[in-house]
Amino acid sequence: MLVFVPVLVLVGTGLAVLVMRQAKVSIGYIWLSALAGSFVAWLVLLVVNWDNTPVYTSQFWNLPGSMGYPVGFGFDRLSWPFAFALSSLLLAVLLTSTVRFHFQSDPFTWAFSVLIGAAGILAAAANTPLAFVFSWTAVDILEIAMLGLVGGGKALQQRNIISSMARIGGIFLVLWAMVSSRSEGLVLNLGLAAPPQSVLLLLAAALRLGVVPLHVAYTSEPLTRRGLGTMLRLVPPAASLVLLSRLPAAVVPPNAAVAVLLFCILAAGYGAFMWMVTRDDLEGRPYWLLAVAGLAIASGVRGQPEAIPVMGTAMVLVGGLIFLSSEFRKPLHVILLVGFIGMTALPFTPAAGSLIGLTVFPFNLLDVFFILVFAVLLSGTFFHMYRKREEQPVERWLLAIYSAGLVVLIASHWLIGFLVLKVEPRPGVWWVSLVSTFLAVLIILAYRWWQRSGLPIFLRNDPRLAAVRKAVQIIADVLRLDWLYALFGLVLRLLQSLIQFLTRLLEGEGGVLWTLLLIVLLASFIAMGGSQ
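Sequence order as written defines the numbering, with residues in each chain counted from 1. Side-chain atom pairs in this predicted model are given and counted only at pLDDT of 80 or more, local residue features only at pLDDT of at least 70, and totals for whole chains, interfaces and linings cover all residues. Calculated side-chain values reflect all of the structure's heavy atoms, with hydrogen atoms and water omitted.

Glancing now at the overall build of the protein chain. Helix and strand content of the protein chain: 19 helices and two strands. Each residue is placed in one exposure class: buried if its accessible area under a 1.4 Å probe, protein chains only, is under 20% of its type's maximum, exposed if it is over 50%, and partly exposed if it falls in between. When burial is assessed residue by residue, the protein chain has 53% of its 532 residues classed as buried. Residue contacts are counted whenever heavy atoms from the two residues lie within 4.5 Å of one another. Intrachain contacts of the protein chain at a sequence separation of at least 6 include 83% that bridge at least 24 residues. Accessible areas in this description were obtained via Shrake-Rupley with a 1.4 Å probe; residue shielding takes into account the shown protein chains only. Just so you have it, the protein chain exposes about 24300 Å², and 72% of that area is on carbon and sulfur atoms. Each helix corresponds to a stretch of at least 4 residues labelled H or I by DSSP, and each strand to a stretch of at least 2 residues labelled E; elements are numbered beginning at the N terminus.

Shown next as C-alpha cells:
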C-alpha cells in the first residue's frame, strides 16, 4: 500500500491549499504548505525505490462465474522513473514560482498543479489496462476542469475540446483492447499482448501523446503557462509513455513496422525541426513533446521498451528545466549546461540508454534519420536553454529558491540515471551519442555563424531561395494541422445545428406526430431486416 502514500499526500495537500485559499490565509503560508506536501511525496517516492513492496492488485467487477478485471498499481524499474520525475517536476514548479509572484500568485494554480501531479504519479504506478483507464480519466478530468475554469477564448476552447477528444479516444482504445482480449477468453496482459490488442494499445498511447494525429494544440495559453501550464503539458504524455514501456517487444506486426517507423521519423523530425527554429520555448513546447514522443514510439516498435523511461524522464525533467527557466542570470548558466549534458546521451549521462531504440543492427538508413533527428533535437534544446530572456527585478533570496527548483530537476535526472537507468557505455551504440552530439555542435556553430554573417551575397536575392521558403512554409502549415482543427470545428458545429433542429422539431406543436413517424420508420427498418 506504500504506492498510494505519495498520491494521498498530494491529494490532501491540494485540497488543503484550496481550503486555505477560501479561508483567505496568507499566501506565504499557503505556498509553504503546498511545498511541504510536495516535498514529503518526493521523499516517499525516493524511499520507494528501495522498497520491495509487491504490486497492489484488486479485482474489479469480479462477478460469480466470470473473470474479474484486475486493477494493479506498483512501482518497478519502468514506472518509478516516471513517478519520481513527475514528483520532481511538481516540486520545481512550486520552487520556481517564487520569481513569478509579481504576476502569478493565485494558490488556485498551485492546488491544481499538486492534484494533477498526484494523478500523474498514480498513472505512472499503473500496471494493468483498467488501472490506466482509471488514472488517465483522473488526469483528463482535472485538465478539462482547469482549462474550463481558466478559459482562454473560443478558438483555444475548441482546440482543447479536440485534444481532449483524442485523449478520450485513447481510453476507449484501451477498453476496446480489453474487450477484444476477453472475446478470446483471456484477460489482457500488457506484457504479453499480441496483435491486434498490442496495436490498439500502441494507438491509445499515441493518441494521448499528441502524435496521432499530429496536433500541436495549446500554443496560446494564459499567464499561468510557466507553472501550471508546464504540469498540464508534461503530465499526460508522461502518463501515456508508461503504458508504451509496458508493451512487448513485438508490438506491431513485422510487415507494418517499417511504415510505423517512417511515420515516427516524420513526426519526430518535424517536431525537432520546429523546436529548433521556434523562438519562444513555450510556443515550441508542443514540438518538444512531439519529437520526444515520436522517438519513444520508435523505440517501442523496434523492440527496445527499456529506452522509453529514459526518454520519458528526459522529456519531463529537461523539458521542465527549459519551460520553468524565466530568468537568465550568469550563475544559472552552469545549471543549464549540466542539464544539457544530461540530454546528450553520452556515456555515463542520464539519457545514455535512449539511443538503443534508435539504432539497431544491422545498421540501415532508418538509423541515419533517427540520429539526425536526435541531433536536431539536441540543437534546439541548447538554443532554448540559452535564449535571451527579459529579466525581472527579483530579490536575492527569491532567486536562490528559484535556482533550487532548477537544481531539483537536474539532480533528479542524474539520480534516476544512476539509480535505475543504465548509464554505462552500451556495446555497439556508444559511438552514436558521440556522432549525434558532434552533429548538434556543428548545427549550433553553423547557426551562430549565420546569425552573425547572414546569408552569402549570391544567395540573398536568389529567387530559388524564396521558392524554397514558400515550400517549407506550405509544408509547415499542412503538418501543423490547423486545417484539421477547422474541419473538426465545422463537424461539431453541424452536429450542434442538427441536434438543435431536432430538438425544436420534437418539442414543437407537431412533436408527437414526428415522434410517431420516427417510431414507424424504425419499426419498418427492423421488420425489413428480420424478413431478410
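Here the focus is the confidence of the model for the protein chain. Chain-level statistics for the protein chain give a pLDDT mean of 81 and a share of 79% at 70 or above. For every residue, the predictor assigns a confidence score, pLDDT, that lies between 0 and 100. Within the protein chain, helix α16 (residues 457-460) has the poorest average pLDDT of any element, 52, and helix α3 (residues 80-96) the best, 94. Predicted confidence is poor over residues 215-223, with pLDDT under 50, and the contacts of this stretch with residues over four places away or in other chains come to 33 contacts.

Moving on: the packing of helix α12 (residues 332-343) against helix α13 (residues 365-385). Under this scheme, a helix contributes an axis fitted over its contacting stretch, all axes are lines through C-alpha atoms, and angles between N-to-C directions fall in the 0 to 180 degree range. One way to put it is that α12 packs onto α13 with a least axis distance of 10 Å and a crossing angle of 170°. Considering their axes alone, α12 and α13 lie roughly antiparallel with respect to each other. Contacts from L336, G339, F340 and M343 of α12 reach α13 at F374, L377, L378, T381, F382 and M385. Throughout, the ten residues Ala, Val, Leu, Ile, Met, Phe, Trp, Tyr, Cys and Pro are labelled nonpolar, Asp, Glu, Lys and Arg are labelled charged, and all others, Gly among them, are labelled polar. Split by residue class, the contact of α12 with α13 holds eight nonpolar, two polar and no charged. An angle counts as roughly parallel when it lies under 35 degrees, as roughly antiparallel when it exceeds 145, as roughly perpendicular when it falls between 65 and 115, and as oblique in every other case.

Counted as salt bridges are all cases of a side-chain nitrogen of Lys or Arg within 4 Å of a carboxyl oxygen of Asp or Glu. Counted according to the given criterion, the structure contains six salt bridges. A salt bridge links D76 to R246; its shortest N-O distance comes to 3.1 Å. Taken together, the residues span a long stretch of sequence, with D76 in the loop between β2 (69-73) and α3 and R246 in the loop between α8 (228-245) and α9 (254-277) at a distance of 170 residues. Judged by relative accessible area, which is 30%, D76 ranks as partly exposed. The closest approach of N and O atoms between R302 and D367, which form a salt bridge, is 2.5 Å. Within this pair, whereas R302 is found in the loop between α10 (285-301) and α11 (307-323), its partner D367 is found in helix α13, the two being separated by 65 residues in sequence. The pair R302 / D367 is uniform in exposure class, with both members buried. Several salt bridges share partner residues, and in doing so they unite E143, R167 and R233 into one network.

Moving on, we come to the packing of α12 against helix α14 (residues 396-419). One can describe the packing of α12 onto α14 by two numbers: an axis separation of 10 Å at closest approach and a directional angle of 20°. By the angle between their directions, the pair α12 and α14 is classed as roughly parallel. The handedness of the crossing between α12 and α14 comes out as left-handed. Judged by residue contacts, L332, I335, V338, G339, I341 and G342 of α12 engage Y402, S403, L406, V407, I410, H413 and W414 from α14. Here the residues of the contact of α12 with α14 are counted per class, giving nine nonpolar, four polar and no charged. Here a crossing is taken to be left-handed if its near helix is turned anticlockwise relative to the far helix by less than a right angle, and right-handed if that turn runs clockwise.

Moving on: a nonpolar patch on the surface. On the surface, M165, L487, L490, V491, L492, L494, L495, L498, F501 and L502 cluster together into a nonpolar patch covering about 890 Å² of accessible area. The biggest single contributor to the nonpolar patch is helix α18 (residues 482-507), with nine residues. Looking at the element boundaries, V491 is found in helix α18. Look at V491 and you get partly exposed, because its relative accessible area is 38%. Patch membership requires over 30% relative accessible area and the absence of a salt bridge. Like charges are linked within 9 Å, and nonpolar side chains (Val, Leu, Ile, Met, Phe, Trp, Tyr) within 5 Å.

A separate point is α11. Helices are assigned an expected span. That span is 1.5 Å times one less than the residue count. An ideal rise of 1.5 Å per residue puts 24 Å on 17 residues; α11 measures up with 24 Å between its terminal C-alpha atoms. Most of α11 sits inside the fold, with 17 of its 17 residues counted as buried.

What follows concerns the packing of aromatic side chains. In this analysis, rings of Phe, Tyr and Trp, with Trp reduced to its six-membered ring, are considered paired at centre separations within 6.5 Å, and the interplanar angle assigns stacked below 30 degrees, edge-to-face beyond 60, and tilted for intermediate values. A complete count under the given rule lists 14 aromatic pairs for this structure. Each ring, one from F382 and one from Y386, has its centre 5.0 Å from the other, and the planes form 35°; the classification is tilted. The exposure class of Y386 is buried, given its relative accessible area of 18%. Look at W414 and F418: their rings are 6.2 Å apart centre to centre, the planes differ by 20°, and that puts the pair in the stacked class. A residue pair is termed a helical-turn pair when its members lie 3 or 4 positions apart in one helix, as W414 and F418 do in helix α14 at four residues. Residue classification places W414 among the partly exposed residues on the basis of a relative accessible area of 22%. Here the guanidinium or amino end of R285 rests over the ring plane of F323, the centre of that ring lying 5.3 Å away. Any Lys NZ or Arg CZ found within 6 Å of a ring centre and within 35 degrees of that ring's normal is scored as a charge over the ring.

The next subject is the nonpolar core. Note on soluble globular proteins: their nonpolar side chains tend to be buried together. As used in this record, nonpolar core signifies buried Ala, Val, Leu, Ile, Met, Phe, Trp, Tyr and Cys residues forming a set joined through side-chain atoms within 4.5 Å. Core analysis: the biggest nonpolar cluster contains 160 residues, and F75, L244, W288, L295 and L377 have the highest contact counts within it. Residues within four places of L295 in sequence aside, it is in contact with A268, M311, L358, F370, V373, F374 and L377.

Along the chain, S164 falls in helix α6 (residues 154-183). The spatial distance from the C-alpha of S164 to the C-alpha of R208 is 8.8 Å, given a sequence separation of 44 residues.

Quick look at the environment of V429 now. For V429, the location among the structural elements is in the loop between α14 and α15 (430-453). Taking the C-alpha atoms as reference points, V429 and A352, separated by 77 residues in sequence, lie 9.7 Å from one another.

Every α-helical turn comprises 3.6 residues, leaving residues that sit three or four positions apart pointing alike. Between the first and last C-alpha of helix α2 (residues 27-48) there are 32 Å, a value that for 22 residues agrees with the 32 Å anticipated at 1.5 Å per step. Burial in α2 covers these residues: I30, W31, A34, L35, G37, S38, A41, W42, V44, L45, L46 and V48. Along its buried surface, α2 packs onto α1 (5-22), α3, α4 (107-124) and α14.

Quick look at the environment of P6 now. Tracing the sequence through the fold places P6 in helix α1. Take P6: its relative accessible area is 0%, and that puts it in the buried class. Apart from the residues within four sequence positions on either side, P6 is in contact with A41, V44 and L45.

Residue P196 is bonded to the preceding P195 through a cis peptide linkage, with omega at 10°. On the secondary structure map, P196 appears in the loop between α6 and α7 (197-209). Although it is not a glycine, A345 sits at a positive phi angle of roughly 70°.

Moving on: the side chain of T13. Mapped onto the elements of the fold, T13 is located in helix α1. Owing to a relative accessible area of 9%, T13 belongs among the buried residues under this scheme.

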